[in-house]
Amino acid sequence: DAGVIQSPRHEVTEMGQEVTLRCKPISGHNSLFWYRQTMMRGLELLIYFNNNVPIDDSGMPEDRFSAKMPNASFSTLKIQPSEPRDSAVYFCASSRWGELFFGEGSRLTVL
Amino acid sequence: DQQVKQNSPSLSVQEGRISILNCDYTNSMFDYFLWYKKYPAEGPTFLISISSIKDKNEDGRFTVFLNKSAKHLSLHIVPSQPGDSAVYFCAASDGQNFVFGPGTRLSVLP
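Structural notes, computed from the coordinates. Since the structure is predicted, the reported quantities are computational estimates derived from the model, not experimental observations.

### Side note on the pairing of strand β3 (residues 19-24) of chain A
All names here are of chain A. With three bridges joining them, strand β1 (residues 5-7) and β3 adopt antiparallel strand pairing. Across the sheet, Ser-7 pairs through a bridge with Arg-22, a residue of β3. Inspection of the sheet shows β3 paired to strand β8 (residues 74-79) by five bridges, in the antiparallel sense. Looking at the pairing, Arg-22 lines up with Thr-76 of β8.

Below, the structure written as structure tokens:
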């Protein structure tokens, strides 16, 4: 299996621009998670889906952030408009039977 | 308020000695605990886990201990090797969600 696939690996954008991060979970996994890694907070859960349904989005920082999972093999995390404080590494992870597998992350830099 | 805490941001250990990484949690609903290891520019990778019905799980050089009454777990690495140098994340699960601690950066000195 190819593992969890994230794109882009690196994104540099200017403040105010829209950013879309993409994730393809491992086939057969029924849960998908979006995390953000920062120096201050470590791995911070933003939102997770179970069977494509958002279960808990309490970690989404504010209305500028939105996430969708239109089908079992694809999810997006969108930031609009982006701000410099959104600069971080964003990880997608998928899970089945209690083990979590991470993608390699998308490093976002907002100037 | 953080539900999973790793109070040591960093730890340095000599090669061949034991590394002990600690983790505390606050939510009694957590019943499954995991350790992940992360190298720079890579995603975290699963290392070892333990269910709340156990107090110890061992896998080669890695052992995880769980003290439910204290809501504390620890990861022991023995002997430590330079390749173990990484950031280690403790995670707790209630069966649906996975909550991570802030991580501990381990440096194993040759």
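### Some remarks on the sheet that holds strand β8 (residues 72-77) of chain B
Residues and elements named next belong to chain B. Read from one edge of the open sheet, five strands run β1-β3-β8-β7-β6, paired in antiparallel fashion. Strand pairing shows two members of the sheet lacking a second neighbour, β1 (4-5) and β6 (56-59), which therefore form its edges. Strand direction decides the pairing type here: strand β7 (residues 62-67) and β8, joined by six bridges, are antiparallel. Residue pairing for β8: Val-64 is matched across the bridge by Leu-75.

### Considering the side chain of Gln-6 of chain B
Residues and elements named next belong to chain B. Relative to the elements of secondary structure, Gln-6 occurs in the loop between β1 and β2 (10-14). Since its relative accessible area comes to 5%, Gln-6 is described here as buried. From its side chain, Gln-6 meets the backbone oxygen of Tyr-88 in a polar contact 3.0 Å long. In terms of polar contacts, Gln-6 uses its side chain to reach the backbone amide nitrogen of Gly-103, at 3.0 Å.

### With respect to the sheet that holds strand β7 (residues 65-71) of chain A
Residues and elements named next belong to chain A. The strand order across the open sheet built from four strands is β1-β3-β8-β7, with neighbouring strands paired in antiparallel fashion. One side of each edge strand has no neighbouring strand; the edge strands of this open sheet are β1 and β7. The mean angle between the axes of side-by-side strands here comes to 15 degrees, regardless of whether they run parallel or antiparallel.

### Notes on the interface of chain A and chain B
Residue-level contacts link 20 residues of chain A with 17 residues of chain B. Roughly 1500 Å² is buried in total at the junction of chain A and chain B, and carbon and sulfur atoms are behind 57% of that figure. Per-residue buried area on chain A facing chain B is highest for Leu-43, Leu-100 and Phe-102 of chain A; these three make up 29% of the total on that side. Connecting chain A to chain B are zero salt bridges. Viewed at the interface, chain B and chain A are joined by four residue pairs in polar contact (both at pLDDT 80 or more). Of all the secondary-structure elements, those providing two or more residues to the side of chain A that touches chain B are β4 (31-38), β5 (42-50), β6 (53-56), β9 (88-96) and β10 (99-102) of chain A.

Parameters and conventions
- Residues numbered from 1 in each chain as written.
- Chains lettered and ligands numbered in written order.
- Predicted model: local features only at pLDDT ≥ 70, side-chain atom pairs only at ≥ 80, totals over all residues.
- Heavy atoms only, no water.
- Pairing = 2+ DSSP bridges.
- Helix = DSSP H or I, 4+ residues; strand = E, 2+ residues; numbered from the N terminus.
- Buried < 20%, exposed > 50% of the residue type's maximum accessible area, 1.4 Å probe, protein only.
- Polar contact = N/O pair within 3.5 Å; in protein donor to acceptor, adjacent residues only side chain to side chain.
- Axes fitted to C-alpha atoms, helices over the stretch in contact; angles between N-to-C directions.
- Contact = heavy atoms within 4.5 Å.
- Buried area = accessible area lost by both parts, 1.4 Å probe.
- Salt bridge = Lys/Arg side-chain N within 4 Å of Asp/Glu carboxyl O.

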